[in-house]
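Chains, contacts and geometry: an overview
If you want the building blocks of each chain, they are given just below.
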Amino acid sequence: MNEADSEDIAAAFRARGYEVTSELKKADAVVVNTCTVRQKAEDKAISQIGRLRVWKERRPDGKLFVVGCAAQKLGEKYLKGRFDFINEVVGARAIEKFKDSLIRQLGPATEGEAEHRNLFRSPQTAYVTVMRGCSLKCSYCIVPAVRGPAVCLSPKAVLEDAAAKLAAGAKELVLLGQTVNSYRHGRTTFSELLKKVLRLPGLERLRFMSPHPLYYDEAFMKVLAEEPKLARHMHLPAQSGSDRILKAMRRGYTRGQYLDLLARLRRAAPGLAVSTDFIVGYPGETEEDFRDTLRLVEEGRFSLAYCFKYSPRSDRPGMKADISGAETEARLERLLAAVKKNSRVVLEERIGKIEEVLFETDTYGRSSANFAVRVEAGGTPGKLSGVLVAGAEKNTLYGKLI
Ligand code: SAH
Ligand code: SF4
């Protein structure tokens, strides 16, 4: 979500004649787009801002913008009080108002909205925000507080954005929202939105992130089964494999329901790869609860899992990290080892099969199931090709074009 916001911000700068640079020395303006989902992210943002003091001393007319979720949480007063060289603070809730800050600092746009350019993913891939904020209340999560309740963009706005990005050269789109499959605008449901986007000319592949287990329905299963352009991969955060912890987290599903959902998805889309997120060391997590998470890693057959140590985001009673740092660290290590072992098995299952690859160079691309794939030669950037997989090494599949 922050990456998508950063791209919009970069486009607004381009419309004022600016270019993106990775060399701070050359920068006339700096935007720090902050995250606060875990305390570590917020700490990183703060130290990054602190380091910019030197840049600002050398370039007193340079403009520093601090935006995003940590900016929302900490507030303008605190940030400007601590770092008096910040020009503008724009919280995540007001990110659409970023252009007002730009006008204040740099004046109105001098050129038309510049074409989309991808800063983070491959040049073929573009993000399309379909929903901002979140209306769920997972106990550990700060997103609803900093980004506000869920607001869905109109299908018209989504389709215009998607069409513009395809016209600018994107082949693959990623629809974004915190509970993206709960999308609804008027009578348009998520499945209907997918069908509309899938019909846009130039689209080769469609992804979305992040769906929530609560919002899958039969209509979606049908779209998944019938639309080959819908990627054969889903990032479906589980968070824990323990029913007791899932309940405390207010995730709204049990481990059994999550596994049933995986089975339904895989029936609709054979070969579907699923990745996930886990949190370890949630308050009150026992060794038994943690083992349930390890068992879910085995049963879920995930291609990948991002594992996080619980980071308290509120002072509410019961939300303090009550498992020792050393124990949480040990559980994280055990979980990472289990994930590594299982994702290796999942990767090796692809050997001898065909992956549909969207090439980024003549030798490298990503498959529909979201695996990195390498061939010796012959791929065409921006084109889909079948690759017969011959080997697997370090999260990458190796094969031959067919
Ligand atoms: N909306 C998505 C998740 C967004 S946050 C969903 O519900 O699936 C991205 C990930 O950060 C989450 O899946 C979770 O694993 C992790 N996360 C969120 N809050 C956290 C916290 N307080 N401590 C540790 N990890 C956290
Ligand atoms: Fe946070 Fe995701 Fe839960 Fe929303 S659904 S509260 S973003 S973890």
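I will try to describe carefully the structure that is included in this document. (Residues numbered from 1 in each chain as written. Chains lettered and ligands numbered in written order. Predicted model: local features only at pLDDT ≥ 70, side-chain atom pairs only at ≥ 80, totals over all residues. Heavy atoms only, no water.)

Near ligand 1, the surroundings consist of 14 residues, among which Tyr-140, Gln-178, Gln-239, Asp-277 and Ser-311 are the closest. At 3.0 Å from an oxygen atom of ligand 1 is found a side-chain nitrogen or oxygen belonging to Arg-38. Here an oxygen atom of ligand 1 sits 2.7 Å away from a polar atom, N or O, in the side chain of Gln-239. In isolation ligand 1 exposes 540 Å². Once the protein is present, 90% of that is buried. Listing elements by their share of the shell around ligand 1, those giving two or more residues are strand S12 (273–280) and strand S13 (304–309). Its residues assigned to classes, the shell around ligand 1 shows 6 nonpolar, 3 polar and 5 charged. (Near = heavy atom within 4 Å. Polar contact = N/O pair within 3.5 Å; in protein donor to acceptor, adjacent residues only side chain to side chain. Areas by Shrake-Rupley, 256 points an atom, 1.4 Å probe, with all protein chains shown as cover. Helix = DSSP H or I, 4+ residues; strand = E, 2+ residues; numbered from the N terminus. Nonpolar A, V, L, I, M, F, W, Y, C, P; charged D, E, K, R; others polar.)

What follows concerns the pairing of strand S4 (residues 125–129). With 5 of its 5 residues buried, S4 lies for the most part within the structure. What you see with S4 is no split at all: Thr-125, Tyr-127 and Thr-129 on one side and Ala-126 and Val-128 on the other are buried throughout. Bridge count between S4 and strand S7 (residues 172–176): 5 bridges; the pairing is parallel. Note that in S7 the partner of Ala-126 across the bridge is Leu-173. (Buried < 20%, exposed > 50% of the residue type's maximum accessible area, 1.4 Å probe, protein only. Pairing = 2+ DSSP bridges.)

Let us look at the sheet that holds S7. In space, the 3 strands of this open sheet follow the order S4-S7-S10, with parallel pairing throughout. The outermost strands of the open sheet, each flanked by one partner alone, are S4 and strand S10 (205–209). Pairwise comparison of adjacent strand axes, ignoring direction, gives a mean angle of 25° for this sheet. In this sheet, S10 lies alongside S7 in parallel orientation, the contact comprising 5 bridges. Pairing of Glu-172 across the sheet is with Arg-205, part of S10. Sitting on the sheet, helix H6 (residues 155–167) is in contact with S4 and S7, with an inclination near 165° to S4. (Axes fitted to C-alpha atoms, helices over the stretch in contact; angles between N-to-C directions. Contact = heavy atoms within 4.5 Å.)

On to helix H11 (residues 287–300). Here H11 is 14 residues long and its end C-alpha atoms lie 20 Å apart, about the 20 Å a rise of 1.5 Å per residue gives. Looking at H11, one finds that the buried residues are Asp-289, Phe-290, Asp-292, Thr-293, Leu-294, Leu-296, Val-297 and Gly-300. Where H11 ends, the next residue or the one after it, Arg-301, has phi of about 50°, a positive value. (Expected span 1.5 Å × (residues − 1).)

Joining two cysteines, a disulfide is a covalent bond between their sulfur atoms. Taken as a whole and assessed by the stated rule, the structure comprises 0 disulfides. For Cys-307, which is in no disulfide, the shortest distance to another cysteine sulfur is to Cys-35 and amounts to 17 Å. Take Cys-307: its relative accessible area is 15%, and that puts it in the buried class. (Disulfide = S-S within 2.5 Å.)

This next bit is on the sheet that holds strand S18 (residues 396–401). For sheets, the rule is that strands pair by backbone hydrogen bonds, running either parallel or antiparallel. With mixed pairing, the 5 strands of this closed barrel are ordered in space as S14-S15-S16-S18-S17. In this sheet, neighbouring strand axes are inclined to one another by 50° on average, regardless of whether the strands run parallel or antiparallel. Sheet topology note: the strand S14 (residues 354–359)/strand S15 (residues 364–367) ladder contains 3 bridges and is antiparallel. Bridge pairing in S15 links Leu-358 to Arg-366. In this fold helix H12 (residues 325–348) packs onto strand S17 (384–393) and S18, with an angle of close to 130° to the strand it touches most, S17.

Residue Met-209 is joined to Ser-210 through a cis peptide bond whose omega torsion reads -15°. Within the element layout of this structure, Ser-210 appears in the loop between S10 and helix H8 (218–226). Positive phi is not limited to glycine here, since Gln-239 has a value of about 75°. Among the secondary structure elements, Gln-239 is positioned in the loop between strand S11 (233–235) and helix H9 (243–248). Although it is not a glycine, Arg-250 sits at a positive phi angle of roughly 60°. Its place among the elements puts Arg-250 in the loop between H9 and helix H10 (255–268).

Remember that the coordinates give geometry; whether it matters functionally is a separate question.
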